[in-house]
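What the coordinates show
Take a look at the letters that make up each chain.
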Amino acid sequence: MGPSSGNNKNRFLASLLGHRPQKRVLIINVFMDDRRVYLPNSFKVPQTMAPVYLAGAFSRTGCRVRIYNEHRSGPLKDKSLLAWPDMLVLTGVITGFDRMLHMVAYAKTLNPKVITVAGGPAIRALPEYSREFFDYACQGDVEQMQEVIADAWGREWADPEMTPRYDLLPRFHPVDYLETSRNCNFRCGFCSLTAERNEYQKYSLKNMEKQLRAMKPGRHLCFIDNNFYGDDREFFLARVDLLQSFYKRGHFKSWSALVTHDFFLDFENLDRARESGCESLFSGVESFDRAELESYQKRQNLLLPQMAAIHRCLQSGIVFHYGLMFDPSRRSVRELRSEIDLFLSAPGITLPSFISLTIPFLGTPYFEECVRENRLLPRLKLRDLDGFTQTMKPVDPPEAVASLVRDLLSFRRYRRKVLRKAWEVWKTHRGNLSVFQRLQTLVNVFNLCAPHWINSPGRFPRMPAGRTYISTTEPLDPVYRPLFPVHSRYRDYFKPTLVTDDGGRLTEALLNDYQPDGSRLKEKDPPPLLSAIGFLAPHRVETPTRHTEKDQKSFVFIGRLLTPSGKNMKRGKRRILTLRIS
Ligand code: SF4
């Protein structure tokens, strides 16, 4: 007997006894493996915390919540778990959109009454198109989950505190995660955050302190902020002061975070970070080529030479991690390989954690440019926007780029040089980095040459057959074959979502949200005067950023609510509002 039949019996008994049966919620972080080997990445750092935050929206007494992270645990194949929930909540990055459809097909086949909710970057990239597939296609942040719960079941099933459910994480996780801000204050041309156009938001220090107190002592902390430095130095200094006070009391072992390049301009930032227990920082270098950075509109990386920033960081006693991006549609393979030679030969520079191809994420200025210049490959699959599949017409023959991509996946041609480089870094930074920190620099040898050794120890990947590394001809992943027969209504959910057609133009699916030239379709103009639920007089929504039509008469907005006299409700806070047309 599977968990769902046992639970059904319990729920029936509970209703006989007059108890309100608990609602069952399954939250899945979907994942399409960029390496296509689909091993669990149990040791991978960082991991998404979205399911943990989403779970916090549900009433602890009213709902039983389970989470499943496909990135951490591998593809979900448990039929009884898929049949279990009353509400299925899906989150994931853009490449996971098709996987969300698979989950809907499975869950709706097994339980046609299940309510499906999807959110995250994939839905924000395709807001109109997504409505076709999910009961709720959410474009907002995790807080929108509260509105969905209230609408589907009533407000009593939601938890207004939204305390993250760390208790639902698997017992083993190598680091603890915190968040003190959201989004980014920069607008790089290729970044999916730029496409989302959300403002940089800071949490309060009180919130950060609450998170720190909730952590078990003696752990390594990883801040998952997109930009821990942000646009407010005072706020940064206040946070490192708080960290220092906890660090001195031995509350945690060390911390790491993502920062933007402007952080390295001021030596004091590095000193303060180090004194508060910072062990390593990640910053997106993207390229050592100035022209390339300019084309990415990554101007903050031009403020200080990249190599100088890396040296400053290492000499301050903090490990510098970074990633690089190669754009074969603008540069030759020879030029791109010369970037590999550059970091391998530069004295004292750490190895990158990864190198991928540049991705034309939907909605970014870079995507628009690629569409306008007709650079996207024909029959480009959304799933292939993973950084290890060619998505654009290259300067050099595609076979030469495919050979480069194979090298990026395992560094097979460079392994000897990578080992030599790692040894050189180990020796050079003996004086300024601890043994543990120098071991961290060695992790990048595995990240580049054999990531499964470090992310899934003891497991060996079966490399997929027939890969071309070119989206037009790349075979589909095994997860596109249904695990079991699904209802005929959902059979097409296992077809890949195409970005372009045979001629390289945007497909009908994409034209729901984008103009043929790649720019975003204008959001529908909201009705000018609305009356919010619970207010008698008409209220106005100021600068609504987006809305979803829930039915003929109601909408969900994120905006500021003004009274008829123009007074700003809730002291100007941007809020998620459910409104009816008056
Ligand atoms: S700095 Fe990083 S997070 Fe911010 S927009 Fe650029 S790439 Fe995105």
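On a predicted model such as this, the values are computed, not experimentally measured, just so you know.

All right, on to the site of the ligand then. The environment of the ligand is formed by Cys-184, Phe-186, Cys-188, Phe-190, Cys-191, Leu-193, Thr-260, Lys-298 and Gln-300. Split into classes, the residues belonging to the shell around the ligand amount to six nonpolar, two polar and one charged.

Another point: the packing of helix H10 (residues 205–214) against helix H11 (residues 233–248). Where H10 contacts H11, the axes come no closer than 11 Å and their chain directions differ by 25°. In terms of their interaxial angle, H10 and H11 are classed as roughly parallel. Crossing handedness for the pair H10 and H11: right-handed. In contact with Leu-205, Met-208, Glu-209, Leu-212 and Arg-213 of H10, H11 contributes Phe-235, Ala-238, Arg-239, Leu-242, Leu-243 and Phe-246. Class assignment of the residues belonging to the contact of H10 with H11 gives a composition of eight nonpolar, no polar and three charged.

We now examine the environment of Thr-260. With respect to the helices, strands and loops of the structure, Thr-260 is situated in the loop between strand S10 (252–258) and helix H12 (267–275). The class of Thr-260 is buried, set by a relative accessible area of 10%. Contacts of Thr-260, omitting those with residues within four sequence positions, involve Phe-186, Asn-227, Ser-283 and Gln-300. At 2.6 Å, the side chain of Thr-260 forms a polar contact with the side chain of Asp-262.

Here we take up the pattern of salt bridges. Using the criterion set out here, one finds 42 salt bridges in the structure. With a closest N to O distance of 2.7 Å, Asp-477 and Arg-383 form a salt bridge. Of this pair, Asp-477 sits in the loop between helix H20 (451–455) and strand S14 (530–532) while Arg-383 sits in the loop between helix H16 (365–372) and helix H17 (398–410), placing them 94 residues apart in sequence. Here Asp-477 matches Arg-383 in class, with each residue buried. For Arg-467, the salt bridge goes to Glu-474, with nearest N and O atoms at 2.6 Å. As far as burial versus exposure is concerned, Arg-467 and Glu-474 are alike and both buried.

Reading the values: the criteria
Numbers given for residues are sequential positions, taken from 1 along each chain in its written order. Side-chain atom pairs in this predicted model are given and counted only at pLDDT of 80 or more, local residue features only at pLDDT of at least 70, and totals for whole chains, interfaces and linings cover all residues. To obtain the side-chain values, all non-hydrogen atoms of the structure were used and water was disregarded. Throughout, near means a residue has at least one heavy atom within 4 Å of the molecule or strand. For this classification, the nonpolar set comprises Ala, Val, Leu, Ile, Met, Phe, Trp, Tyr, Cys and Pro, the charged set comprises Asp, Glu, Lys and Arg, and every other residue, Gly included, is treated as polar. For helices, the fitted line uses only the C-alpha atoms of the stretch in contact; every axis is such a line through C-alpha atoms, and the angle between N-to-C directions lies from 0 to 180 degrees. Comment: elements are numbered from the N terminus, with helices defined as DSSP H or I runs of at least four residues and strands as E runs of at least two. Here is the rule for angles: anything less than 35 degrees is roughly parallel, anything more than 145 is roughly antiparallel, 65 through 115 is roughly perpendicular, and the remaining ranges are oblique. Each crossing gets its handedness from the near helix: less than a right angle anticlockwise from the far helix is left-handed, clockwise is right-handed. Two residues qualify as a contact provided that any one of their heavy atoms is within 4.5 Å of a heavy atom in the partner residue. With a 1.4 Å probe rolled over the protein chains alone, any residue whose accessible area is under 20% of its type maximum counts as buried; one over 50% counts as exposed, and the rest are partly exposed. Nitrogen and oxygen atoms within 3.5 Å of one another constitute a polar contact, given that in protein one can donate a hydrogen and the other can accept it, and given that sequence-neighbouring residues count only through two side-chain atoms. The salt bridge definition used is simple: a Lys or Arg side-chain nitrogen within 4 Å of an Asp or Glu carboxyl oxygen.

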